[in-house]
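# A structural walkthrough
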Amino acid sequence: MLQTSARLLRLLSLLETRRDWTGADLAERLGVTARTVRSDVGKLRDLGYPVEASPGVQGGYRLGAGAQLPPLLLDDDEAVAVAVGLRTATGVAGIGETSVRALAKLEQVLPSRLRHRVHALQAATVAVPGAGPSVDADVLTAIASAIRASKRLRFDYTSHDRTASRRDVEPHRLVSLNRRWYLVAWDTARNGWRTFRVDRLTPKVPNGPRFTPREPPEGDVAQFVQRSVGAATWRYHAKVRLHAPAEYVRARLPLAVEVTPEGPDRCVTEVGSDSAAMLALYLGLLEVDFEVLDAPELATELAKTGERFLRAASAASPPAPG
């Protein structure tokens, strides 16, 4: 009986690690016959596990979705990862209490060696409370479902300047960045990729028709979000020519800034900040010569900043020997 129980657990573990298994593969892994595999699959079904089977030479087994959530088998690293994730779950409204309940159930059955690893991580780390907005778990689920089904998503949206609009998009990915959730989607009305703050949108039901997923923007969704979010917060923009190689400049500017080479030792970029005065200071930190191409307000602030620095330098200079 013990051998049979251990074999059932091993079979369940295999079904959870890969979507499809042939009967021959399972029999080889378990060291039994294909007939025994069929018998064990029947026992798992009796226990409530929805194991699906397809006949034929190419047929096999897969663990399907059931009406109830059956127990899961986790290896040591997976169990520790889930426990740590539950301890640090943030940014989703209403998930804190749920995480604590799930963590209590998990820690109750953790072997002592794993419980020590989880407690060591907890004792050695400090979570800094974030000031970012929380997101309704139901909203995240609705968006994720539309992404998985490749169905268009309709929602009301409020931009950073409090402008309200109705959007119809092809959702691509959810991205978590700096304690905020973002949706990357193709905006059908604006015919381009856009990034939306999830805490600022309200989904409308039902979803729209199905669509064929497009290639991700810039080939990297995470980088696209970082660029979009960085540029969206600027209140003041300016184009400048920097007398330095593009590689040097890229390494010293935020990811949101695009740098266009103009030969081996010059490049052009559009930079931004909250004000012209602040941008003047940031450009000075690059420690390269530059020209302002399209922002007279920035040129004025550079002159004021230069005069202020000269006065400070003069005041700090020792008097000339008399």
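Residues numbered from 1 in each chain as written. Predicted model: local features only at pLDDT ≥ 70, side-chain atom pairs only at ≥ 80, totals over all residues. Heavy atoms only, no water.

### Some points on the overall build of the protein
Note the cut-off: Helix numbering and strand numbering both begin at the N terminus, where a helix is a DSSP run of H or I of at least 4 residues and a strand a DSSP run of E of at least 2. Exposed residues in this analysis have more than 50% of their type's maximum accessible area, buried residues have under 20%, and partly exposed residues fall in between, with area computed by a 1.4 Å probe over protein chains only. In what follows, residue pairs with any heavy atoms lying within 4.5 Å of each other are defined as contacts. Computed with the Shrake-Rupley method and a 1.4 Å probe, the accessible areas treat only the protein chains shown as cover for residues.
From N to C terminus, the protein includes 11 helices and 13 strands. Taking all 322 residues of the protein together, 31% fall into the buried category. Taking the contacts inside the protein whose residues are at least 6 apart along the sequence as the reference set, 57% of them involve residues at least 24 apart. For the protein, the accessible area works out to roughly 20,300 Å², and carbon and sulfur atoms hold 53% of it.

### Some remarks on a nonpolar patch on the surface
Our working definition: Residues enter a patch when their relative accessible area is above 30% and they make no salt bridge; the linking distance is 9 Å between like charges and 5 Å between nonpolar side chains (Val, Leu, Ile, Met, Phe, Trp, Tyr). Should a side-chain nitrogen of Lys or Arg be within 4 Å of a carboxyl oxygen of Asp or Glu, the pair is scored as a salt bridge.
Judged by side-chain polarity, Met-278, Tyr-282 and Leu-285 come together as a nonpolar surface patch covering roughly 320 Å² of accessible area. With respect to the secondary-structure elements, Met-278 resides in helix α10 (residues 276–285). Using a relative accessible area of 31% as the deciding quantity, one classes Met-278 as partly exposed.

### Focus on helix α2 (residues 23–30)
Each α-helix turn comprises 3.6 residues. Residues three or four places apart therefore point the same way. Just so we agree on the cut-off: An arc is given here, and it is the one of the directions from the helix axis to the C-beta atoms.
Within the span of α2, buried status applies to Gly-23, Leu-26, Ala-27 and Leu-30. Seen end-on, α2 carries its buried residues on one side only, within an arc spanning 100°. Turned more than 90 degrees away from the buried face of α2, the exposed residues are Ala-24 and Glu-28. In the segment just after α2, Gly-31 is the residue with positive phi, at about 70°.

### Let's talk about the sheet that holds strand β10 (residues 236–242)
Cut-off, in case you're wondering: Pairing between strands is defined by DSSP: at least two bridges between them are needed. Axis definition: a line fitted to C-alpha atoms, limited for helices to the stretch in contact. Angles are taken between N-to-C directions and run from 0 to 180 degrees.
Sheet architecture is open: 4 strands sit in the order β11-β12-β10-β13, paired in antiparallel fashion. Looking at the sheet topology across the chains shown, the edges are occupied by β11 (259–261) and β13 (290–292). The sheet shows a mean angle of 30° between the axes of neighbouring strands, direction not considered. Here β10 pairs with β13 via 3 bridges, running antiparallel. The residue of β13 that forms the bridge with Val-240 is Val-292. Its contacts with the sheet put α10 on β10, β12 (267–273) and β13, and the angle it makes with β12 is roughly 135°.

### Points about unusual backbone geometry
Val-205 connects to Pro-206 through a cis peptide bond whose omega is 0°. Following the sequence through the fold, Pro-206 ends up in the loop between β9 (201–204) and α8 (221–232). Phi is positive for Ser-150, close to 55°, though the residue is something other than glycine. Tracing the chain through its elements places Ser-150 in the loop between α7 (137–149) and β5 (153–158).

### Some points on the pattern of salt bridges
Tallied over the entire structure, the rule returns 15 salt bridges. A salt bridge links Arg-167 to Asp-187; the shortest N-O distance between them is 2.9 Å. With Arg-167 in strand β6 (residues 164–177) and Asp-187 in strand β7 (residues 180–187), this residue pair connects regions lying 20 residues apart in the sequence. Neither Arg-167 nor Asp-187 differs from the other in exposure class; each is buried. Bridged by salt links that share partners, the residues Arg-241, Glu-262, Arg-266 and Glu-291 form one connected network.

### Some thoughts on helix α4 (residues 76–87)
Basically, it comes down to this: Multiplying 1.5 Å by the residue count of a helix minus one yields the expected span of that helix. Here a polar contact means two N or O atoms within 3.5 Å. Within protein one must be a hydrogen donor candidate and the other an acceptor candidate, and residues neighboring in sequence count only if both atoms are side-chain atoms.
End to end, α4 covers 17 Å across 12 residues, agreeing with the expected 16 Å (1.5 Å per residue, within 8%). Where α4 is concerned, the buried positions are Ala-79, Val-80 and Ala-83. The arc that holds every buried residue of α4, seen down its axis, measures 95°, which confines them to one face. When the buried face of α4 is taken as reference, the exposed residues oriented beyond 90 degrees from it are Asp-77 and Ala-81. Regarding α4, its N-cap is Asp-75, as a side-chain oxygen of that residue lies 3.3 Å from the backbone nitrogen of Asp-77 further along.

### Quick word on the side chain of Thr-305
If you trace the backbone, Thr-305 turns up in helix α11 (residues 296–316). Every residue in contact with Thr-305, bar those within four places of it in the chain, is listed here: Ala-280 and Leu-281.

Note that every value here comes from positions in space, so none of it alone points to a role or purpose.
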